[in-house]
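# Structural features, examined
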Amino acid sequence: MTFGSATGGRAATDWRTRDIVVTAIIGVVFGVVFQVWNQIAAATTGWFTAFPAGQNLLYGVWLMPAVLAPLIVRKAGAALFAEVVAAGLSMFLGSPYGADTLLSGIVQGGGAELVFLLVRYRGWSMPVLSLAAALSATAA
């Protein structure tokens, strides 16, 4: 934990209760979305028989908490936290991918987290967010 300045201010990296709650809510909402999306992905598998790589277009939904949470909360660890909560809830709700769901959440959140770390949690532009999403997808 870091401490604020001598004037009593909080450091930008300190997690407040509302940061934890907002990030957890994002994770919970996406945990439910993941369950719905699991059904959509399973139902559309046949559509991609001729071009299996096309199913990767659906994959972006599973990466969203890793980019959305840090964009809103702007704290170190938000990507990983939101992805792990979402994946954990999805697994708890009966994801067909089982425990692999949680591992995917850790890897996807960690991939995005690396990009935000590289910009020292100060860059929130579209190129930074796009790179975070791309690294999250690559890590997955």
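Use the structure listed above.
Residues numbered from 1 in each chain as written. Predicted model: local features only at pLDDT ≥ 70, side-chain atom pairs only at ≥ 80, totals over all residues. Heavy atoms only, no water.

We now examine the overall build of the chain. In terms of helices and strands, the chain carries five helices and zero strands. Starting at the N terminus, the α and β elements of the chain follow one another as α-α-α-α-α. Here the chain holds 140 residues, and the buried ones make up 35% of them. In the chain, 64% of the contacts between residues at least 6 apart in sequence involve partners at least 24 apart. Entry remark: accessible area of the chain is about 7,900 Å², with carbon and sulfur atoms responsible for 73%. (Helix = DSSP H or I, 4+ residues; strand = E, 2+ residues; numbered from the N terminus. Buried < 20%, exposed > 50% of the residue type's maximum accessible area, 1.4 Å probe, protein only. Contact = heavy atoms within 4.5 Å. Areas by Shrake-Rupley, 256 points an atom, 1.4 Å probe, with all protein chains shown as cover.)

This next bit is on the layout of surface pockets. Quantified by volume, the largest pocket comes out at close to 260 Å³. Lining of the largest pocket is provided by 16 residues; of these, Y59, W62, Y97, S104 and Q108 occupy positions nearest its centre. Counting residues per element, the ones that place at least two in the lining of the largest pocket are helix 1 (17–43), helix 3 (78–92) and helix 4 (100–118). Of all the elements, helix 4 adds the most residues to the lining of the largest pocket, at five residues. (1 Å grid on protein atoms, 1.4 Å probe; cavity = no way out; pocket = protein on both sides within 12 Å on 5 of 7 lines; lining within 4 Å. Points joined across faces, edges and corners; volume = space filled by probe spheres on them.)

Let us look at unusual backbone geometry. With a phi angle near 55°, R120 is a residue other than glycine that sits in the positive phi range. Its location among the elements puts R120 in the loop between helix 4 and helix 5 (126–139). The backbone of Y121 sits at a positive phi, close to 55°, despite the residue not being glycine. Mapped onto the fold, Y121 is located in the loop between helix 4 and helix 5. Classification of Y121 as buried rests on a relative accessible area of 19%.

All quantities given are derived from atomic positions and should not be read as evidence of function.
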